[in-house]
Amino acid sequence: MKFFIDTANLAQIKEANDLGILDGVTTNPSLMAKEGIKGEEAITNHYKTICEMVDGDISAEVLGVTFEGIVEEGKKLAAIHPNIVVKVPMIKDGIKAIKWFTDNGIKTNCTLIFSAGQAILAAKAGASYISPFIGRIDDSGWDGVQLISQIAQIYAVQGFKSEILAASIRNANHIIACAEAGANVCTCPLDSILGLLKHPLTDIGLAKFLEDAKKM
Ligand code: G3P
């Protein structure tokens, strides 16, 4: 399973990348706004900086909701760097645009996936990645990891090529469950990635080893 970090914060991207386990980055308008990135030039420069920091797929989301608008914007985003993946919302015009990008050799990430039906449509359009938001599904009283399993099963049976990118990750257990359920990628906040490191018995064991090392 590939690890992406789900943030536009450069310090957090650097910290995850320095671990040596980062395969890419996902952003969205909320994450960009959180970092105070405003205006076309600043947005473009921010994506450029991220692409120069991390050698992997970098998802950059379109803001348009019409076919023409999404295609226009996606072409500009894709021109920023070869590693840019155009992130497109799961709407009717979005599906049309994903098909257009597929036919024109531009990688896409279909975002805001909340059902298996949406995952099937996005795969039919040729999306490189599809992003089910598992934390938001859990927040609504449904089971996000169950959706990952269902999509993984459908894609395996049907031979769909889109990669399942589990998004809206809330904690380390989500990452483990998504790995078990067959996600190809998990995009995670830094805290959730670092959460995988933790176990109290590791801390207790290390303290004892260090204490005993003094007697060696
Ligand atoms: O990649 C999508 C993700 O950022 C959504 O996460 O925590 O806003 O549900 P969240």
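For the structure itself, look to the data block above.
Residues numbered from 1 in each chain as written. Predicted model: local features only at pLDDT ≥ 70, side-chain atom pairs only at ≥ 80, totals over all residues. Heavy atoms only, no water.

S.K.: Tell me about the overall build of the protein chain, residues and numbers included.
M.R.: On a plain count of helices and strands, the protein chain comes out with 11 helices and 8 strands. Taken over C-alpha atoms, the radius of gyration comes to 19 Å for the protein chain, in line with the 17 Å a tight globule of 216 residues would show. Seen through its principal axes, the protein chain has C-alpha atoms that stretch 70 × 40 × 30 Å. Buried positions account for 46% of the 216 residues belonging to the protein chain. Summarising the internal contacts of the protein chain: among those between residues at least 6 apart in sequence, 56% fall at separations of at least 24. As displayed, the protein chain has an accessible area near 11100 Å², and 56% of this comes from carbon and sulfur atoms. Here the protein chain carries 20 positive and 25 negative side-chain charges, and the mean point of each set is 2 Å from the other. (Helix = DSSP H or I, 4+ residues; strand = E, 2+ residues; numbered from the N terminus. Rg over C-alpha atoms; globule rule 2.2 N^0.38 Å. Buried < 20%, exposed > 50% of the residue type's maximum accessible area, 1.4 Å probe, protein only. Contact = heavy atoms within 4.5 Å. Areas by Shrake-Rupley, 256 points an atom, 1.4 Å probe, with all protein chains shown as cover. Lys, Arg positive; Asp, Glu negative; His and termini not counted. Charge placed at Lys NZ, Arg CZ, Asp CG, Glu CD.)

S.K.: Please provide a residue-by-residue account of the state of the cysteines, values included.
M.R.: Applying the stated rule across the entire model yields 0 disulfides. C51 forms no disulfide, and the closest cysteine sulfur to it belongs to C188, at a distance of 19 Å. Between C186, a cysteine without a disulfide, and C178, which holds the nearest cysteine sulfur, the sulfur-to-sulfur distance is 4.3 Å. (Disulfide = S-S within 2.5 Å.)

S.K.: How would you explain the site of the ligand if you had to name every residue and give the values?
M.R.: D6, N28, K87, F133, R136, A167, S168 and R170 make up every residue found near the ligand. S168 is positioned such that a nitrogen or oxygen atom in its side chain is 2.7 Å from an oxygen atom of the ligand. In the environment of the ligand, an oxygen atom lies 2.6 Å from a nitrogen or oxygen atom belonging to the side chain of R170. Relative to its unbound accessible area of 310 Å², the ligand is 80% covered by the protein chains. Of the residues contributing to the shell around the ligand, the split by class is 2 nonpolar, 2 polar and 4 charged. (Near = heavy atom within 4 Å. Polar contact = N/O pair within 3.5 Å; in protein donor to acceptor, adjacent residues only side chain to side chain. Nonpolar A, V, L, I, M, F, W, Y, C, P; charged D, E, K, R; others polar.)

S.K.: Can you tell me about unusual backbone geometry, naming the residues and giving the values?
M.R.: Located in the positive-phi region is L112, a residue other than glycine, with phi close to 65°. Among the structural elements, L112 can be located in strand β5 (residues 108-113). A positive phi is found at S168, a non-glycine position, where the angle reads about 60°. With respect to the secondary-structure elements, S168 resides in the loop between β7 (163-166) and α9 (172-181). Owing to a relative accessible area of 9%, S168 belongs among the buried residues under this scheme.

S.K.: Before we move on, could you go through the packing of helix α3 (residues 40-53) against helix α4 (residues 67-80) and cite the residues and values that matter?
M.R.: At their nearest, the axes of α3 and α4 sit 9 Å apart, and the two run at 45° to each other. Classed by the angle they form, the pair α3 and α4 counts as oblique. For the pair α3 and α4, the crossing hand works out as right-handed. Here E40, T44, Y47 and K48 of α3 lie close against α4, whose contacting residues are K76, L77 and I80. Taken together, the residues of the contact of α3 with α4 break down into 3 nonpolar, 1 polar and 3 charged. (Axes fitted to C-alpha atoms, helices over the stretch in contact; angles between N-to-C directions. Parallel < 35°, antiparallel > 145°, perpendicular 65-115°, else oblique. Left-handed = near helix turned anticlockwise from the far one by under 90°.)

S.K.: Which residues make up helix α8 (residues 144-158), and what are the values?
M.R.: Taking 1.5 Å of rise per residue, the 15 residues of α8 would be expected to cover 21 Å, and the 21 Å separating its terminal C-alpha atoms lies within 8% of that figure. Here α8 has its buried residues at G144, V145, L147, I148, I151, A152, I154 and Y155. At its buried positions, α8 is contacted by β5, α6 (116-124), β6 (129-132), α7 (134-139), β7 and α9. Residue D143 occupies the N-cap position of α8, its side-chain oxygen lying 3.2 Å from the main-chain nitrogen of V145. G159 occupies a position one or two residues after α8 and carries a positive phi of about 70°. (Expected span 1.5 Å × (residues − 1).)

S.K.: Which residues make up the packing of aromatic side chains, and what are the values?
M.R.: Scanning the model with the defined rule gives 4 aromatic pairs in all. Ring centres of F4 and Y129 lie 5.7 Å apart, and the angle between their planes is 70°; this geometry places the pair in the edge-to-face category. Of this pair, F4 sits in strand β1 (residues 2-6) while Y129 sits in strand β6; the two residues are 125 residues apart in sequence, bridging distant segments of the chain. Across this residue pair, the class does not change: F4 and Y129 are buried. Judged by centre distance (5.6 Å) and plane angle (80°), the ring pair of W100 and F101 falls under edge-to-face. (Phe/Tyr/Trp six-rings, centres within 6.5 Å; stacked < 30°, edge-to-face > 60°.)

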